[in-house]
Structure formats: structure tokens, C-alpha cells
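Coordinate inspection notes
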Amino acid sequence: MILQPYFKKIIQMSKRFNFLLFIVPLLVFQSSCQKKLQLEDNSSAGVYSESNIDSIAQRIAVFYGDYDKAITFGYRSVAKDPNNLDKLFVLARMHYFASHFEISVKICADINKKDSLNQNVMELAALNFVGLKSYDNAINLYKGTGIKFSNPVFLYKAAVIEFESEKLDECLNTLNAALQDSSITRRKIGVTRINAANQSIVEEINLLAATYNLSGYVALKK
């Protein structure tokens, strides 16, 4: 399993890494959690089970940015359904949003033991390694995932970290590997930029264009 070699070393937690073209894939998860809350009736009488109440309370906590409370409800939800990996993944995400990177990455490792084909878990684990400033682990995980699933998006994300870590030759090799994948022309990726109002926005662009763009930055650096 890809994750297992990277969970033995304990690293001191720190602030998140700021990339030139940092990818924010979990914004999709966060925005989906923060959409308009809808309370779904569990019966015609409008009676909710205790499990549903916990789920609703968790969504409300996320909506208001109270991730500590969301985590509490997440543990309650997992305790009632310990074999539900989706609920465990939600808990790992809540810990990530609360900057509890070590806990989140441990949960990801547990999920990976039971479901080694979940790319979202790999993605979240890599982001936690970035949060921990364990960049080599993040790079290795992104590369391993990209190779395992033939997904050049993960290779590009590894290349971004290599670029920001001044590993320019490694970055070029990773970008070239991504370019060898025929699926790169039809894939897209979210990148951040600062607009005229000095606001950080996420745009979806073609992965091939992003790869050549980063290659240009590497050439300038070299």
C-alpha cells in the first residue's frame, strides 16, 4: 500500500506551505460542505434519527467554520458506524481543516489499509504532509498515486512541490513523465491566482497548459 512507508516519522506541525501555483483541491470538499443546509426528513412525520441529527449538526458546524465541534460530531458518527469509511474520511477532512495534520494523516492511513484504491484519501494524505512541511513524503505520495492510477494530475502536483523546494531537475523529470500520459490533454486542474482586487481565486485550466507553464517557470529558474 502506497501510504504505509510514510507514516512512521513524526513531524512537528507547522503552518501550511504557500505555493506559487498551489493547488487547492479540497476547496471543492469545503464548498460542498458549506452549501445551503437542507434538513431531510427521515419519515413522513419529520422525525430524525440520532445519526441524522449528528450529521446535520456537523454540517452546521462546518458552515460556521467551527471544525472542532464538527470533529466531535464526526467521532460520534464513526462510533455508531465504525466500518463506514466515508464517515471516517469526513472526520479526516475535518481534522485537516482544523490543521490537525498528524491526526488526519493517521486516519488516512487507516482508511488506506481497507481501501487502497481511494484516490481522495491519497490526495488528503499528501495535503496533510504539506501541512506538516514533510515535502518529500508529499512528493513521494503524489508520484506513487500518479503512477498507480495513471493520473498525471498527481504528477503535476508533485512537480509543484519540487519547484517550490528548488528541486528543479526532479521537477522537470516529473513534468516530462506527466507529459508522456496521453490523458493529459483532456484533464483539468485547479490553480490559484491573485486578481486585480488582491483576492485569491481558483481557476480550472487544462492540465497540459499548466504543465507547460510550470516547465517555463523551471526554465527561468535554471
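Scroll up a little and you will see the structure.
The sections below set out a description of the structure shown in this document. (Residues numbered from 1 in each chain as written. Predicted model: local features only at pLDDT ≥ 70, side-chain atom pairs only at ≥ 80, totals over all residues. Heavy atoms only, no water.)

Considering the pattern of salt bridges
Worth spelling out the cut-off: Salt bridge, as used here: a side-chain nitrogen of Lys or Arg that lies within 4 Å of a carboxyl oxygen of Asp or Glu. Per-residue accessibility, obtained with a 1.4 Å probe over protein chains only, is compared with the maximum for each type, and a residue is labelled buried under 20%, exposed over 50%, and partly exposed between these values. Each helix is a run of DSSP H or I of at least 4 residues and each strand a run of E of at least 2, with the numbering of both proceeding from the N terminus.
Per the counting criterion, the structure on display carries ten salt bridges. Close ionic contact of Lys87 with Asp81 constitutes a salt bridge, the shortest N to O distance being 3.8 Å. Overall, Lys87 belongs to the partly exposed group, its relative accessible area being 23%. Among the salt bridges present, the one from Lys222 reaches Asp169, with a minimum N-O distance of 2.8 Å. With Lys222 in the segment after helix 10 (207-221) and Asp169 in helix 9 (residues 168-179), this residue pair connects regions lying 53 residues apart in the sequence. Residue class for Asp169 comes out partly exposed when judged on its relative accessible area of 47%. Residues joined in a network through salt bridges with shared partners are Asp54, Arg76 and Lys80.

With respect to the environment of Tyr135
Looking at where Tyr135 falls in the secondary structure, it is placed in helix 7 (residues 135-148). As for Tyr135 and Glu164, which are separated by 29 residues in sequence, their C-alpha atoms are 9.9 Å apart.

Observations regarding the packing of helix 9 against helix 10
Rules: Angular values range over 0 to 180 degrees, each being the angle between N-to-C directions of two axes fitted as lines to C-alpha atoms, with helices fitted over their stretch in contact. Working rule for angles: under 35 degrees goes down as roughly parallel, over 145 as roughly antiparallel, 65 to 115 as roughly perpendicular, anything else as oblique. Each crossing gets its hand from how the near helix is turned against the far one by less than a right angle, where anticlockwise is left-handed and clockwise is right-handed. It only takes one pair of heavy atoms within 4.5 Å for two residues to be counted as in contact. Basically, the charged four are Asp, Glu, Lys and Arg, the nonpolar ten are Ala, Val, Leu, Ile, Met, Phe, Trp, Tyr, Cys and Pro, and anything else, Gly included, counts as polar.
For the pair helix 9 and helix 10, interaxial distance at closest approach is 10 Å and the crossing angle is 155 degrees. Relative to helix 10, the element helix 9 lies roughly antiparallel. Taken as a pair, helix 9 and helix 10 cross one another with a handedness that is left-handed. Touching Leu168, Cys171, Leu172, Leu175 and Leu179 of helix 9 are Leu208, Thr211, Tyr212, Leu214, Ser215, Val218 and Lys221, all from helix 10. Class assignment of the residues belonging to the contact of helix 9 with helix 10 gives a composition of nine nonpolar, two polar and one charged.

Some points on the pairing of strand 1 (residues 188-194)
If a strand is regular, its side chains alternate between the two faces of the sheet. Threshold: Note: two strands are recorded as paired if DSSP finds a minimum of 2 bridges between them.
Taken together, the seven bridges between strand 1 and strand 2 (residues 200-206) define a ladder with antiparallel strand orientation. Counterpart to Arg193 in the pairing with strand 2 is Ile201. Counting the residues between successive antiparallel strands, the hairpin from strand 1 to strand 2 contains five residues, one of them, Asn198, with a positive phi of roughly 60 degrees.

Notes on the packing of helix 6 (residues 119-131) against helix 7
Here helix 6 crosses helix 7 at 160 degrees, and the two axes come no closer than 7 Å. Compared by their axis directions, helix 6 and helix 7 come out roughly antiparallel. Between helix 6 and helix 7 the crossing geometry is left-handed. Contacts between helix 6 and helix 7 involve Met122, Glu123, Ala125, Ala126, Leu127, Phe129 and Val130 from the former and Tyr135, Asn137, Ala138, Leu141, Tyr142 and Thr145 from the latter. Broken down by class, the residue content of the contact of helix 6 with helix 7 amounts to ten nonpolar, two polar and one charged.

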